[in-house]
Amino acid sequence: MGSPHVPGGSAVTTTPQAVRRASPRARRTVTPPDPARSLLPDAEPVRLLAENGTPLPARADYPEPPAEVLRELYRRMVLGRRFDTQATALTKQGRLAVYPSSRGQEACQVGAVLAVRDTDWVFPTYRESMALVARGIDPVEVLTLLRGDWHCGYDPTEVHTAPQCTPLATQCVHAAGLAHGEAYQGRDTVALAFIGDGATSEGDFHEGINFAAVFRAPVVFFVQNNKYAISVPLSRQTAAPSLAYKGVGYGVPSEQVDGNDPVAVLAVLTRAVAHARAGKGPFLVEAHTYRMEPHTNADDATRYRDGAEVDAWRDRDPVARLETYLRARGVLDDAAIAEITEQAEAYAADLRTRMNEQPTVDPLSLFDHVYAEPTPQLIEQREQVRAELAAAHAEEGDA
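Only a predicted model underlies this, so the values are computations on that prediction, with no experimental measurement involved.

A. Spatial organisation of the overall build of the protein. Assigned secondary structure in the protein consists of 14 helices and 7 strands. For the C-alpha atoms alone, the extent of the protein along its principal axes is close to 115 × 60 × 45 Å. Per-residue burial for the protein yields a buried fraction of 45% across its 399 residues. For the protein, the accessible area works out to roughly 20,100 Å², and carbon and sulfur atoms hold 53% of it. Charged side chains of the protein number 40 positive and 53 negative; the gap between the two group centres comes to 11 Å.

Take a look at the structure:
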């Protein structure tokens, strides 16, 4: 067979030697486009406010939320911080068995729940108590789990909020499954799955995001990277440029955001939720933030981080950052701030009063809702506890 010809030219040689002699420029012109480019997050976390609260240049891809929404964001952040402080105090008073503080993560906790509808589903971890009260759930019901009274103090179906999840990352699978089921039934429900940086090393995180990607389930996976999984630093969790890059391997678009910038957090999550609700599949957001308090009251954070690191992050306080910005815009003034502070104090006082009431707990309720239909072994265990309680009461009566 002869060599192919081009009009008005010489024969085109297609031997391997000719290909190797082709110029670098000619070879580059046939390079296919990179399909991952549309999935990659910004190289730097999205930020709309500087650390001192002054505005940064506006971004068309992340428009700033309306002023009234930002004012409500601030109000709920102040209430959330006061709740968090009160819950920490209740732990020290023995009213709670444990409490994982979210101080320093107010922008993430409150901004996330403001980005979704009441009819959307939230899948929290054990650290999302502040997010749940910002969602409007009774704080006493939120703290029921941490007091040890019940598996979950609120009705998940009523508030569209799953029980707080203590095992790492299992809520990712639950969120993916619920979102797929809702979409299958023609509803535009979005599932928001909270997750910590350490939990991204768990298999359930990868299974959940992979399932959601394959079935285009409307899930927003929201990673709060607070730099430590208890005492394990981020450098021991991943070698990726950031946790947001983990979405690329599953075909999931992602973004990273300054988690102490309340305006940016709400703007990024609003876009992520809209992406999921539009039927485009899941979205991964990584918020760079910091846990100011120990992992829980049982943790000594001074053993693995120094005070200078904590002080540096204290200067990035999300509440002060938003307050400064809203004052400059005329959205907040001294009177409005005083009113919000008064609301927060009343909220904390009511929580103290109700948490100081000794709950009435039925030990046999431990066996309720373990299975839809109790197994023979569970029934046997329940009857054994019932007999032991009856014997103890009889012994008290004889005494």
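B. Quick peek at the pattern of salt bridges. The tally for this structure, following the rule as stated, stands at 23 salt bridges. A salt bridge links Asp120 to Arg277, with the nearest nitrogen and oxygen atoms 2.7 Å apart. Highlighted residues: Asp120 in the loop between helix H4 (106–114) and strand E1 (121–123) and Arg277 in helix H10 (residues 262–277), separated in sequence by 157 residues. Each member of the pair, Asp120 as well as Arg277, carries the same accessibility label: buried. In this structure, Glu383 engages Arg382 in a salt bridge whose closest nitrogen and oxygen atoms are separated by 3.6 Å. Given a relative accessible area of 35%, Glu383 falls into the partly exposed group. Using a relative accessible area of 22% as the deciding quantity, one classes Arg382 as partly exposed.

C. Broad picture of the packing of aromatic side chains. Applying the stated rule across the entire model yields 7 aromatic pairs. Summarising the aromatic geometry, the rings of Tyr290 and Trp313 are spaced 5.2 Å apart at their centres and angled 10 degrees between planes, so their arrangement reads as stacked. Note that Tyr290 is positioned in the loop between strand E7 (283–288) and helix H11 (307–314) and Trp313 in helix H11, a separation of 23 residues in sequence. What makes Tyr290 buried here is its relative accessible area of 1%. Relative accessible area serves as the criterion here: at 12%, Trp313 is assigned to the buried category. Across from the ring centre of Trp313, 4.2 Å away, lies the NZ or CZ of Arg316, which sits over that ring.

D. Region of interest: the pairing of E7. Most of E7 is tucked away, with 6 of its 6 residues classed as buried. In terms of strand pairing, strand E3 (residues 219–225) meets E7 through 6 bridges, oriented parallel. Counterpart to Gln224 in the pairing with E7 is Ala287. In this structure, strand E6 (residues 254–258) lies alongside E7, joined through 5 bridges in parallel fashion. Bridge assignment links Gln256 to a residue of E7, and that residue is Glu286.

E. Here's a closer look at unusual backbone geometry. Located in the positive-phi region is Ala169, a residue other than glycine, with phi close to 75 degrees. Along the chain, Ala169 turns up in the loop between helix H7 (156–159) and helix H8 (170–184). Judged by its relative accessible area of 1%, Ala169 falls in the buried class. Even without being glycine, Lys227 reaches a positive phi, approximately 80 degrees. Secondary-structure assignment places Lys227 in the loop between E3 and strand E4 (228–229).

F. Geometry of the sheet that holds E7. Across the sheet, 5 strands lie side by side as E1-E2-E3-E7-E6; this open sheet has parallel pairing. Of all the strands in the sheet, just E1 and E6 have a single pairing partner and so form its edges. For this sheet, the mean inter-axis angle between neighbouring strands, taken without regard to orientation, is 20 degrees. Pairing between strand E2 (residues 191–196) and E3: 6 bridges, direction parallel. By the bridge assignment for E3, Ile195 is matched with Val223. Of the strands in this sheet, E1, E2 and E3 touch H8, which is tilted by about 170 degrees from E2. Against the sheet, helix H9 (residues 203–214) engages E2, E3 and E7, with an angle of about 150 degrees to E3.

About the thresholds
- Residues numbered from 1 in each chain as written.
- Predicted model: local features only at pLDDT ≥ 70, side-chain atom pairs only at ≥ 80, totals over all residues.
- Heavy atoms only, no water.
- Helix = DSSP H or I, 4+ residues; strand = E, 2+ residues; numbered from the N terminus.
- Buried < 20%, exposed > 50% of the residue type's maximum accessible area, 1.4 Å probe, protein only.
- Areas by Shrake-Rupley, 256 points an atom, 1.4 Å probe, with all protein chains shown as cover.
- Lys, Arg positive; Asp, Glu negative; His and termini not counted.
- Charge placed at Lys NZ, Arg CZ, Asp CG, Glu CD.
- Salt bridge = Lys/Arg side-chain N within 4 Å of Asp/Glu carboxyl O.
- Phe/Tyr/Trp six-rings, centres within 6.5 Å; stacked < 30°, edge-to-face > 60°.
- Lys NZ or Arg CZ within 6 Å of the ring centre and 35° of its normal.
- Pairing = 2+ DSSP bridges.
- Axes fitted to C-alpha atoms, helices over the stretch in contact; angles between N-to-C directions.
- Contact = heavy atoms within 4.5 Å.

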